Amino acid sequence: MEVLRALGSLIESPAAEHARVAAALGLPAVPAAAEHARVVAQQRYPHASVYLGAEGMMGGEALDRVAGFRRALGLRRQRGPQRGTTASADHLASLLGLLASVDEWRREESDGARKALLAQARVTLVWEHLASWTGPYLASFERCGAPFYEAWASLLGDSLARLGRELAFPRYLPAALRAAPELADPRREGGAAFVGALLAPARTGVILLRDDLLRLADETGLACRAGERRYVLNSFLAQDPGVALAWLAAHAENWSGRVASAGPAPIARWWTERAKATARVLRELATDVQNAPPVTSSAEVR
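Bear in mind that the values here come from a model prediction, so they are computed numbers and not experimental data. Every chain begins its residue count from 1, and numbering advances along the sequence as written. Whole-chain, interface and lining totals are the exception, using all residues; otherwise, since this is a predicted model, local features are given only for residues with pLDDT of at least 70 and side-chain atom pairs are given and counted only at 80 or more. Excluded from the side-chain calculation are hydrogens and water; included are all heavy atoms of the structure.

Visitor: Talk me through the packing of helix α5 (residues 60–72) against helix α7 (residues 112–129); I want residue IDs and the actual numbers.
Guide: Working convention: axes come from line fits to C-alpha atoms, limited for helices to the stretch in contact. Angles between N-to-C directions cover 0 to 180 degrees. Strands are runs of DSSP state E lasting at least 2 residues, helices are runs of H or I lasting at least 4, and numbering of each runs from the N terminus. Viewed as axis vectors pointing N to C, α5 and α7 meet at an angle of 175 degrees, and their least axial separation amounts to 11 Å. Judged on the interaxial angle alone, α7 and α5 are roughly antiparallel. Contacts from Arg65, Val66 and Phe69 of α5 reach α7 at Ala121, Thr124, Leu125 and His129. Three classes are used, and their members are as follows: Ala, Val, Leu, Ile, Met, Phe, Trp, Tyr, Cys and Pro are nonpolar, Asp, Glu, Lys and Arg are charged, and the others, Gly among them, are polar. Taken together, the residues of the contact of α5 with α7 sort by class into four nonpolar, two polar and one charged. By the definition adopted for this analysis, an angle is roughly parallel if under 35 degrees, roughly antiparallel if over 145, roughly perpendicular if from 65 to 115, and oblique otherwise. The contact definition used throughout considers only heavy atoms, calling two residues in contact when any of these lie within 4.5 Å.

Have a look at this one:
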């Protein structure tokens, strides 16, 4: 369990002690802060709520669930991944640190009833607050161009998989996945709702990074404007909606394959099916746009 705590600490901004931790785990050299910013801080936000919430943003109900879990354990002040530090309750480092602590408390507990409760708490923490999103999150590091983070994600994925084989998980899906709404259909809910939903992984089954949008521009010839992802998506859809939607559909289909084995089977299947459903909707929209009659200007009518 201390390995998980150590791995959690390495997703934070690089610090002097990270070199020693990485070497002990057999990982490549810790990158500079700029690399962490490019790969993690500006794209792959290590917060459960980003991947489990309907808005695709930090906070909200997903964060509240973690806070509620901590209260059930009798914890009030959020302990960070390193003793004496603090971090958001749904931050990956905090969740892995809490998991290591719960396991330590379980092993040290002499009361049988309390020990059983801590064992169940460990299962709940892994199932509801880690396995529910870390599969696709770690998959997003594949071919990210940073050897340290690629190796880190692979090692953490393997470590969580080994832990999962030791635990008896519930038959039902995590609450956040059961509650997640599907992709908003612009034909019924409007363009703003649609673009917002595209950026919420729980609604699409897909993690759409800034790097993906740059690749969309490279592969389609569309101009990639500087700005936040919502602005960039709106720009693509304004330039050539058929091309942009077709690319996004292909990306969602590809993503469904990438997450097919990412995490426990029921959760991986949920992410895969959600991504496939998103791909179907995007293909329908692309076809609708491509088959729509051309708009005739008033000058041509005259």
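Next, the rest of the story.
Visitor: Can you break down the environment of arginine 70 residue by residue, with the values?
Guide: With respect to the element layout, arginine 70 can be found in helix α5. Counting along the chain gives 19 residues from arginine 70 to alanine 89, while the straight-line C-alpha distance between them is 8.5 Å.

Visitor: Go over the pattern of salt bridges, please, and point to the residues and values.
Guide: Whenever a carboxyl oxygen of Asp or Glu lies within 4 Å of a side-chain nitrogen of Lys or Arg, that contact is scored as a salt bridge. Counted according to the given criterion, the structure contains 14 salt bridges. Here aspartate 185 makes a salt bridge to arginine 187, at a shortest N to O gap of 2.8 Å. Three exposure classes are used, based on accessible area relative to the maximum for each residue type with a 1.4 Å probe and protein chains only: buried under 20%, partly exposed in between, and exposed over 50%. Assessed through its relative accessible area of 5%, aspartate 185 is described here as buried. Aspartate 288 is paired through a salt bridge with arginine 187; the nearest N and O atoms lie 2.9 Å apart. Here aspartate 288, found in helix α17 (residues 265–291), pairs with arginine 187, found in helix α11 (residues 186–189); they are 101 residues apart in sequence, far enough to count as distant. Where salt bridges share partners, they join Asp185, Arg187, Arg188, Glu284 and Asp288 into one cluster.

Visitor: Account for empty space enclosed by the protein, with residues named and values stated.
Guide: In this approach the atoms are scanned with a rolling probe the size of a water molecule, which exposes any empty space left behind. Using protein atoms alone on a 1 Å grid, points that fit a 1.4 Å probe yet trap it form a cavity, whereas open point sets bounded by protein on both sides within 12 Å along at least five of seven lines form a pocket; residues with an atom within 4 Å of a point count as lining. Grid points are joined across faces, edges and corners, and a volume is the space filled by probe spheres set on the points. For the coordinates displayed, the defined rule picks out two cavities of 30 Å³ or more. For the largest cavity, the calculated volume is near 70 Å³. Around the largest cavity, the lining residues are Leu198, Thr204, Val206, Leu208, Leu248, His251, Ala252, Thr278 and Leu282. If you list the elements that add at least two residues to the lining of the largest cavity, you get α16 (241–258) and α17. Broken down by element, the lining of the largest cavity gets its largest block of residues, three residues, from α16. Here the residues of the lining of the largest cavity sort into six nonpolar, three polar and no charged. For the second largest cavity, the calculated volume is near 50 Å³. If you trace the second largest cavity, you find it lined by Ala48, Leu52, Ala62, Arg65, Val66, Glu128, His129 and Ala176. Every element with two or more residues in the lining of the second largest cavity is listed here: α4 (48–52), α5 and α7.

Visitor: Summarise the packing of aromatic side chains; cite the residues concerned and give the values.
Guide: Two aromatic rings from Phe, Tyr or Trp, using only the six-membered ring of Trp, form a pair when their centres are within 6.5 Å; if the ring planes differ by under 30 degrees the pair is stacked, by over 60 it is edge-to-face, and anything between is tilted. According to the stated counting rule, one finds nine aromatic pairs in the structure shown. Ring plane angle 5 degrees and centroid distance 5.4 Å describe the contact between tyrosine 51 and tryptophan 133, whose orientation is recorded as stacked. Of this pair, tyrosine 51 sits in helix α4 while tryptophan 133 sits in helix α8 (residues 131–139), and the two are 82 residues apart along the sequence. Like tryptophan 133, tyrosine 51 is buried. Between the aromatic rings of tryptophan 133 and tyrosine 137, the centroid separation amounts to 5.3 Å while the plane-to-plane angle is 55 degrees, which identifies the pairing as tilted. Taken together, the positions of tryptophan 133 and tyrosine 137, both in helix α8 and four residues apart, correspond to about one turn of that helix. A relative accessible area of 0% places tryptophan 133 in the buried class.

Distances and angles like these do not, on their own, reveal function.
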